[in-house]
Amino acid sequence: MTGDDTKHLPLEDLHVAAGARFGAFAGWSMPLTYPAGVMKEHLHTREHAGLFDISHMKLLEISGSGAEALLNRACPFDAGALEISQSKYTFFLNEAAGIIEDLIVTRLGRQRFMVVANAGNAEADEKHLRELADFDAKADFDAKIEALDRVFLAIQGPEAWAALSRAGIETGSLLFMHGFEPRENWFMSRSGYTGEDGFEVGLPEADARNLVAKLLEDERVMWVGLAARDSLRLEAGLCLHGLDITPEMDPASAGLMWAIPKEVRASGAFIGADALRSILERGPAQKRVGLKPEGRQPVRPGAALFDADGNPAGHVTSGGFGPSAAHPVAMGYVHASLAKPGAKLFADVRGTKIPVDINPLPFTPHRYRKG
């Protein structure tokens, strides 16, 4: 049962007609699987093109002379270093350097940026930015923050570009981690939360219905639900906020320091800067790692990890079966001293100790189009 407060996708009727099975996620009623099933949806995305409705995520436009300064305070990055159309993966941190959100910021113009926010955090993110802009009167945060009402679709997989081309949308000039506005009120980026080459398109509902109809006429494209989106991103070693990264986790422990430029680490005035520098100085106590369970038994989020002597060693944050990897896959946090390939651990699965190897991430290679 979904409560009265559950949010519904603008294209929900299309998912119902496609035979979707729905479930609750971050306050939304979301398509989990379609009649093909999670295994086929997953493999089809890896081999062809999967179409995802990600309208639970939010587009926030930030503009004005203070947009750069606001983003540099909110995030550990240098907004001024972004070129037009360039995207950057970054975070909102709390004062303890905990990750309260991960997001992608794209520069659209000299004083305009697009921020893609996660489902459950979208309203909190908007509030966070507005409070920051209002609070710090000393800084010139002359910035306008606007939440855009858009359908948001993702098409992922090696044939995604060809399917979009057949639907009348050329993607050739758009490279990985870039975004632009191909038409009025549209935003399009090329990132890929599956490890595959892929695109995200935010657009008005009427345009979205037309685009979906054209895409689904192509036999290379099929609807893919949240369950396969999860197995795809887990194989790709990509974090899910709320599981693998939370306000209790910092970027150093999460293995995400690659997203923070060295000069920003050293001298940035972002929220949580002092705490993060302190963590880097002493070294994180735990680290995020890939985990490969022996056999066919998946380990699930929350499972406790132990070392060979039976001492607590960490916990699993994401886990399931990897259809492309053809074995169970998981991620979790372990004591820093154990965070190296070959370390032998055990996961407690309903009282049974399952042997688990630390495995390099990702489990399946990334295939982004970077040039």
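Bear in mind the structure is a predicted one, so any value in this text is a computation, not a measurement. (Residues numbered from 1 in each chain as written. Predicted model: local features only at pLDDT ≥ 70, side-chain atom pairs only at ≥ 80, totals over all residues. Heavy atoms only, no water.)

**With respect to the overall build of the protein chain**
Reasoning step 1: Per the secondary structure count, the protein chain includes nine helices and 20 strands.
Reasoning step 2: Over its C-alpha atoms the protein chain spans a radius of gyration of 21 Å, differing by no more than 12% from the 21 Å that the globule rule assigns to 371 residues.
Reasoning step 3: Relative to its full complement of 371 residues, the protein chain shows a buried share of 53%.
Reasoning step 4: Counting 39 positive and 49 negative side-chain charges, the protein chain places the centres of these two groups 5 Å from one another. (Helix = DSSP H or I, 4+ residues; strand = E, 2+ residues; numbered from the N terminus. Rg over C-alpha atoms; globule rule 2.2 N^0.38 Å. Buried < 20%, exposed > 50% of the residue type's maximum accessible area, 1.4 Å probe, protein only. Lys, Arg positive; Asp, Glu negative; His and termini not counted. Charge placed at Lys NZ, Arg CZ, Asp CG, Glu CD.)

**Here we look at helix α7 (residues 226-235)**
Reasoning step 1: Taken across its ten residues, α7 has eight buried, putting it largely inside the fold.
Reasoning step 2: Along α7, the residues classified as buried are Leu226, Ala228, Arg229, Ser231, Leu232, Arg233, Leu234 and Glu235.
Reasoning step 3: Positive backbone phi, approximately 70 degrees, marks Gly237, located one or two places after α7.

**Quick look at the sheet that holds strand β18 (residues 327-335)**
Reasoning step 1: Read once around its circumference, the closed barrel built from six strands follows the order β15-β18-β17-β16-β19-β20, with strand pairing classed as antiparallel. Direction aside, the axes of adjacent strands within the sheet are offset by 40 degrees on average.
Reasoning step 2: One ladder, built from eight bridges, connects strand β17 (residues 312-322) with β18; its direction is antiparallel. From the neighbouring strand, Phe321 faces β18, where its bridge partner is Pro328. (Pairing = 2+ DSSP bridges. Axes fitted to C-alpha atoms, helices over the stretch in contact; angles between N-to-C directions.)

**Considerations on the side chain of Thr6**
Reasoning step 1: Looking at the secondary structure, you find Thr6 in the segment before β1 (7-8).
Reasoning step 2: Since its relative accessible area comes to 17%, Thr6 is described here as buried.
Reasoning step 3: With sequence-adjacent residues up to four places away left out, Thr6 is seen in contact with Gly27, Trp28 and Ser29. (Contact = heavy atoms within 4.5 Å.)

**Describing the sheet that holds strand β14 (residues 221-223)**
Reasoning step 1: Taken in spatial order, the six strands of this open sheet run β11-β12-β13-β10-β4-β14, and their pairing is mixed. Strand pairing shows two members of the sheet lacking a second neighbour, β11 (178-180) and β14, which therefore form its edges. Here the strands of the sheet are splayed against their neighbours by 20 degrees on average, with no regard to which way each runs.
Reasoning step 2: With three bridges joining them, strand β4 (residues 49-53) and β14 adopt parallel strand pairing. Across the sheet, Gly50 pairs through a bridge with Met222, a residue of β14.
Reasoning step 3: Packed on one face of the sheet, helix α6 (residues 205-216) meets β4, β10 (151-156), β13 (198-203) and β14 and runs near 25 degrees to β10.

**Quick notes on the pattern of salt bridges**
Reasoning step 1: This model, assessed by the stated rule, comprises 19 salt bridges.
Reasoning step 2: We note a salt bridge from Lys127 to Glu131, for which the minimum N-O separation is 2.9 Å. You can see Lys127 and its partner Glu131 sitting in helix α4 (residues 122-135), four residues apart, about one turn around the helix.
Reasoning step 3: Lys127 sits in the exposed class, given a relative accessible area of 51%.
Reasoning step 4: The class of Glu131 is partly exposed, set by a relative accessible area of 43%.
Reasoning step 5: With its nearest N and O atoms 2.7 Å apart, the salt bridge here joins Asp218 to Arg220.
Reasoning step 6: Given a relative accessible area of 2%, Asp218 falls into the buried group. (Salt bridge = Lys/Arg side-chain N within 4 Å of Asp/Glu carboxyl O.)

**Observations regarding the pairing of β17**
Reasoning step 1: Bridge count between strand β16 (residues 304-306) and β17: three bridges; the pairing is antiparallel. Along β17, the bridge assignment pairs Ala304 with His315.
Reasoning step 2: Linking β16 to β17, which pair antiparallel, is a turn of five residues; within it Gly310 sits at a positive phi near 85 degrees.
Reasoning step 3: Connecting β17 to the antiparallel partner β18 that follows it, the hairpin turn spans four residues, and Ala326 within it adopts a positive phi of roughly 65 degrees.

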